[in-house]
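Geometric and topological summary
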Amino acid sequence: MISYKLGLEYINWSELFNLYEKVGLLRRFIENREFDKIQSAFQKSCKVVTAWDGEKLVGSCRMLSDSICYGAVFNVGVLPEYQKKSVGKGMMNLLLKGEENITIHLTSTFGNEDFYKKLGFKKHKTAYSKYPFESKYVED
Ligand SMILES: CC(C)(COP(=O)(O)OP(=O)(O)OC[C@H]1O[C@@H](n2cnc3c(N)ncnc32)[C@H](O)[C@@H]1OP(=O)(O)O)[C@@H](O)C(=O)NCCC(=O)NCCS
């Protein structure tokens, strides 16, 4: 059975970095072996939710938020062998709990848009993003 945890205290950081390497997120930092930066980013996040199969980390996601007006969700990842088993949904439900009155932004990776649609997210008509590198997610 999968369990979900809020907070950082149970996280073994190398297991978390391995998870993101396997799901292909945080690629820029992982390729540059900037694991200390990933750890700092998670420590500075408002909420981190992880999914566990016993003592094995199988999923993770995080939110930046002021808890009053706005929040943003990042780095939603589930190990490939645990995908399509409701683990992502379980993590997101815990991450979004208590945030019903704030506006929440996120960017889906290509092909996963319906995962967010099923959680109640809607496509934004005028969202703009600024990346510090070339990104396939934005138009000119
Ligand atoms: C996207 C991701 C987090 C989804 O997690 P998951 O555990 O596989 O998703 P769940 O099993 O909880 O799916 C919940 C619902 O969304 C649907 N769904 C999940 N991924 C989907 C996809 N790519 N396309 C269409 N529907 C999808 C499921 O079928 C399920 O539908 P249901 O509630 O009607 O049964 C996971 O596939 C992943 O880690 N992908 C690689 C990393 C990534 O790209 N993450 C997204 C970052 S924005």
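Because the structure is predicted, anything quoted here is derived from the model rather than measured. Per chain, the residues get numbers from 1 upward, laid out in the order the sequence is written. Only residues with pLDDT of at least 70 are given local features in this predicted model, and only at 80 or more are side-chain atom pairs given and counted; all residues enter the totals for whole chains, interfaces and linings. Water and hydrogen atoms play no part in the side-chain values, which are based on all heavy atoms of the structure.

1. Quick word on the sheet that holds strand S2 (residues 47-53)
Think of it this way: DSSP has to see at least two bridges between two strands before they count as a pair. Numbered from the N terminus, helices here are DSSP runs of H or I no shorter than four residues, and strands are runs of E no shorter than two. Strand order in the open sheet made by the five strands is S1-S2-S3-S4-S5, with mixed pairing throughout. Because the sheet does not close on itself, it has two edges, and the strands there are strand S1 (2-6) and strand S5 (103-105). Pairwise comparison of adjacent strand axes, ignoring direction, gives a mean angle of 25° for this sheet. The sheet contact formed by S2 and strand S3 (residues 56-65) spans seven bridges and is antiparallel. By the bridge assignment, Trp52 is partnered in S3 with Leu57. By the convention used here, residues are in contact when the closest approach between their heavy atoms is within 4.5 Å. Note on method: axes are straight lines fitted to C-alpha atoms, helices fitted across the in-contact stretch only, with angles between N-to-C directions ranging 0 to 180 degrees. The strands that helix H1 (residues 13-23) touches are S2, S3 and strand S4 (70-78); relative to S3, the one it contacts most, it runs at about 90°. Contacts from helix H4 (residues 87-96) reach S1, S2, S3, S4 and S5 within the one sheet, and its direction differs from that of S4 by about 155°.

2. A look at the UniProt feature "domain: N-acetyltransferase" (unreviewed entry) in the protein
The feature "domain: N-acetyltransferase" (unreviewed entry), as annotated in UniProt, sits at residues 2-139 in this numbering. In the segment residues 2-139, helix accounts for 30% and strand for 25%; the C-alpha atoms at its two ends are 39 Å apart. UniProt positions are given in the numbering used here, feature names are shortened, and annotations may be inferred rather than shown by experiment.

3. Brief notes about the nonpolar core
Core analysis: the largest hydrophobic core is formed by 34 residues, its most contacted members being Leu16, Tyr20, Phe42, Val73 and Met92. Those elements that place two or more of their residues in this core are H1, helix H3 (35-44), S2, S3, S4 and H4. Once residues lying within four places of it in the same chain are set aside, the contact partners of Phe42 are Leu8, Trp13, Leu16, Tyr20, Leu26, Val48, Ser60, Arg62 and Asn75. Residues grouped as a nonpolar core are buried Ala, Val, Leu, Ile, Met, Phe, Trp, Tyr and Cys residues, joined through side-chain atoms within 4.5 Å. Each residue gets one of three labels from its accessible area relative to the maximum for its type: buried under 20%, exposed over 50%, partly exposed in between, using a 1.4 Å probe on protein chains only.

4. Quick look at the environment of Val49
Considering the arrangement of structural elements, one finds Val49 in strand S2. A C-alpha to C-alpha distance of 8.7 Å links Val49 and Met63, two positions 14 residues apart in sequence.

5. Regarding the pattern of salt bridges
Salt bridges, as used here, are contacts in which a Lys or Arg side-chain nitrogen is within 4 Å of a carboxyl oxygen on Asp or Glu. In total, this model carries five salt bridges according to the counting rule given. Here Glu34 and Lys37 are joined by a salt bridge, their closest N and O atoms 3.3 Å apart. One salt bridge in this structure joins Glu81 and Lys56, with 3.7 Å as the shortest N-O distance. Of the two residues, Glu81 is situated in the loop between S4 and H4 and Lys56 in strand S3; the sequence distance between them amounts to 25 residues. You can call Glu81 partly exposed: its relative accessible area is 44%. By relative accessible area, which is 35% here, Lys56 ends up partly exposed.

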